[in-house]
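Residue-level listing of the chains:
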Amino acid sequence: MSADSSQGSSKLSEVDTDTGNKSQAPSLVQQNQPGARWSDSEATFLSHTLSNRGIDISTFYNSNFQDYEAYQRDKYHKFLNTLGFLNLGISENKLCTELMTARLHQGDMNYIEDVLLQYPNSRGHPFLREAVAQFLTYYCRAPHCLHVGNVIVLSGCCAVFSALAMVLCDPGDSFLVPTPFYGGFIFGSKMYANVELIPVHLESEITNTNTQPFQLTVGKLEQALLEAKSKYKKVKGLLLTNPQKPMGDVYSKESLKFLEFAKRNELHVVIDEIYMLSVFDDSVTFHSVLSLESVPDPNKTHVIWSTSKDFGITGFCFGVLYTHNEDVALAVSPFGYFHSISGITQYKLCRLLQDRDWIDKVYLPTNRSRLWEAHASVTEKVHEREKLHNFEITFHSRSSGLYIWKNLRKLLEPCTFEEELILYRRFLDHKLILSRGKSYMCKEPGWFRLTFAENPPQLKEAMHRFGQAIAEQKLYWVEKMLQTSVRE
């Protein structure tokens, strides 16, 4: 749930949902860097009430989530608010909502007993952790049954990562993270743990050493670690996502050699596998770390997963940590007092994860089919815009995840993050939210992530708005090119 982190202001039309009248919303100020400061007067006002830490947290949230807050106040509705925001910047799967709603309405879900109304075990109710262990054993193709004692459940993957950052690092320590990466990790590491995420920058250009775009290699990790040490930074771990976000690449089994790099350098590895069941091409095979017969350093390898993406239930706020390290499990457990899940929700999740027949025969085939169709629809619409406006859009589109990663740099003149921000605002002017590359720490301007796992009518309207914004941007680009030629 991260909105764009950018700079400047954009006037956004907002519909008054009480009267139906269209009104002008206040400007949304967006900062370029996480943790950017308020104006002097705003910071002075806040400092009378908040600690310095409180100010940092408040400014970080406001500078990164203002567009998301505007979206929450003014959501599109096909009848009640047709001028509201459509959000293709947030990664939510809305393609099988009716299937999931029907399953959650079935009688076995509606169960209450005293224990569900009381405080749960800090690691989560045993019945849910047992269901999670069995579920991951089966769907991760683990060679041996996963142990329930290694499972901890908290209120989402960000909560899990925040807790891990707290117990694995001291304030000021750092993790290596290949870029582009999910911006929510910054929020999780910064707000609680004061842990720095050091970017391992990957390039889109194919070269002799880069056989594919955004290719991670051990050499790049070694170089990033060496540079960090030269700046006297204490690197404690490596953070990976598989499938990767925002690109959607799936690591091959051989690629998991990054675990050997981590062991060699005495680093923890945190692997987020939140999209593991959202691979929608039969020719692509997902390999979970939990599927390996052995890992180089089991005590320093920690896996995160959630139902939020694969099952389209982000509102359940459920995240899983699987770790072989009992010390880590014990240290993370107390975070259950802050990030526990209600007993009723845990029961429903348990029933859902246990229903393998419904998952295998109904949900997963339908979800994968709809992801494939939505992906094909969006890529077709984008290609239509390419032909209509005679410019090239570079795709990094893989058969996993809920989104495509595309480069619109041909519409930027010059190709800078400032121009990327102008294009981002142009989408906002059309009440469409996308995620721009800057918010993923991408070093190349022009990349945007577009979520396609939206219900078809809203996706159609969103792509219409996308086309309108692209048409305006092309005119803007032509005007700038003419101005440049006149000056020359």
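Residues numbered from 1 in each chain as written. Predicted model: local features only at pLDDT ≥ 70, side-chain atom pairs only at ≥ 80, totals over all residues. Heavy atoms only, no water.

Engineer: Hey, could you run me through the overall build of the chain in this one?
Structural biologist: Counting its regular elements, the chain contains 14 helices and 17 strands. Taking 2.2 N^0.38 as the reference for a compact globule, 488 residues should give roughly 23 Å; the C-alpha atoms of the chain span a radius of gyration of 23 Å, in line with that estimate. Projecting the C-alpha coordinates of the chain onto the three principal axes gives extents of approximately 70 × 55 × 55 Å. Nonlocal contacts in the chain, meaning residues at least 24 apart in sequence, comprise 74% of its contacts between residues at least 6 apart. For the chain, the exposed surface amounts to about 21800 Å²; the carbon and sulfur share of it is 52%. (Helix = DSSP H or I, 4+ residues; strand = E, 2+ residues; numbered from the N terminus. Rg over C-alpha atoms; globule rule 2.2 N^0.38 Å. Contact = heavy atoms within 4.5 Å. Areas by Shrake-Rupley, 256 points an atom, 1.4 Å probe, with all protein chains shown as cover.)

Engineer: Can you walk me through the pattern of salt bridges in this structure?
Structural biologist: Pairing between side chains of opposite charge can happen when their charged atoms approach one another. Following the criterion strictly, the structure yields 19 salt bridges and no others. Here Arg351 ties to Asp108 by a salt bridge, and the two come within 3.2 Å at their closest N and O atoms. Here the residue Arg351 occupies a position in helix H11 (residues 343-354), and Asp108 occupies one in the loop between helix H3 (97-104) and helix H4 (126-139), the gap between them amounting to 243 residues. The exposure class assigned to Arg351 is partly exposed, which follows from its relative accessible area of 28%. Looking at Asp108, the relative accessible area reads 22%, which means it is partly exposed. In this structure, Glu420 engages Arg436 in a salt bridge whose closest nitrogen and oxygen atoms are separated by 2.6 Å. In this pair, Glu420 is assigned in helix H13 (residues 417-429) and Arg436 in strand E16 (residues 435-436), connecting sequence segments 16 residues apart. You'll find Glu420 and Arg436 in the same group, each marked buried. Here the salt bridges do not stand alone but share partners, grouping Arg103, Asp108, Arg351 and Asp355 into one network. (Salt bridge = Lys/Arg side-chain N within 4 Å of Asp/Glu carboxyl O. Buried < 20%, exposed > 50% of the residue type's maximum accessible area, 1.4 Å probe, protein only.)

Engineer: How do you make sense of a nonpolar patch on the surface when you look at a structure like this?
Structural biologist: A cluster of nonpolar residues, Ile112, Leu117 and Ile344, forms a patch on the protein surface that exposes about 270 Å² of accessible area. Position of Leu117 relative to the elements: it lies in the loop between H3 and H4. On the accessibility criterion, Leu117 (58% relative accessible area) is exposed. (Patch = residues over 30% accessible without salt bridge, like charges linked within 9 Å, V, L, I, M, F, W, Y side chains within 5 Å.)

Engineer: Would you take a moment to explain the nonpolar core for this structure?
Structural biologist: Formed by 71 residues in total, the largest nonpolar core has its most connected members in Leu164, Leu408, Phe427 and Phe466. No other element matches helix H5 (residues 157-168), which puts 8 residues into this core. Residues in contact with Phe466, not counting those within four places in the same chain, are Val382, Lys406, Leu408, Phe427, Leu432, Leu434 and Leu450. Residues Tyr139, Cys350, Trp358 and Cys442 belong to the second largest nonpolar core, which totals 69 residues. (Core = buried A, V, L, I, M, F, W, Y, C linked by side-chain atoms within 4.5 Å.)

Engineer: Where do I start with the packing of helix H12 (residues 356-389) against helix H14 (residues 456-487) in this structure?
Structural biologist: Packed helices, taken two at a time, are described by the angle their axes make and the gap between the axes. Two elements in contact, H12 and H14, have axes separated by 11 Å at closest approach and are oriented at 25 degrees. Between H12 and H14, the crossing angle belongs to the class labelled roughly parallel. Once H12 is placed against H14, the crossing between them reads as right-handed. Contacts from Ala374, Val378, Lys381, Val382, Arg385 and His389 of H12 reach H14 at Leu459, Met463, Phe466, Gly467, Ile470, Ala471 and Lys474. Here the residues of the contact of H12 with H14 are counted per class, giving 8 nonpolar, 2 polar and 3 charged. (Axes fitted to C-alpha atoms, helices over the stretch in contact; angles between N-to-C directions. Parallel < 35°, antiparallel > 145°, perpendicular 65-115°, else oblique. Left-handed = near helix turned anticlockwise from the far one by under 90°. Nonpolar A, V, L, I, M, F, W, Y, C, P; charged D, E, K, R; others polar.)

Engineer: Looking at this structure, how should I read the confidence of the model for the chain?
Structural biologist: Low pLDDT marks regions whose predicted coordinates should not be analysed in detail. When the pLDDT values of the chain are averaged, the result is 89; 90% of them are 70 or greater. Contacts of residues 1-38 to residues separated by more than four positions or lying in other chains number 120 contacts, the stretch itself having pLDDT below 50. (pLDDT = per-residue confidence, 0-100.)

Engineer: How should I be thinking about the sheet that holds strand E7 (residues 174-178) in this particular structure?
Structural biologist: Two pairing modes exist for strands in a sheet, parallel and antiparallel, and in both the strands are linked by backbone hydrogen bonds. Ordered in space as E6-E12-E11-E10-E9-E7-E8, the 7 strands form an open sheet in which the pairing is mixed. Of all strands in the sheet, those with a lone pairing partner are strand E6 (151-154) and strand E8 (196-200), marking the two edges. Geometrically, the sheet is characterised by an average inter-axis angle of 25 degrees between neighbouring strands, direction not taken into account. With 5 bridges joining them, strand E9 (residues 235-241) and strand E10 (residues 268-272) adopt parallel strand pairing. Residue Leu239 lies in a different strand from E10, and its bridge partner there is Val270. Contacts from helix H7 (residues 218-230) reach E7, E8 and E9, with the element oriented near 135 degrees to E8. (Pairing = 2+ DSSP bridges.)

Engineer: I'm lost on H5 in this one. Help?
Structural biologist: Think of an α-helix as 3.6 residues a turn; residues three or four steps apart then line up on the same face. Given a rise of 1.5 Å per residue, 12 residues ought to cover 16 Å, and the 16 Å separating the end C-alpha atoms of H5 matches this to within 8%. Among the 12 residues that make up H5, 9 are buried, leaving the element largely enclosed by the rest of the structure. Restricting attention to buried positions, one finds in H5 the residues Cys157, Ala159, Val160, Phe161, Ser162, Ala163, Leu164, Ala165 and Leu168. (Expected span 1.5 Å × (residues − 1).)

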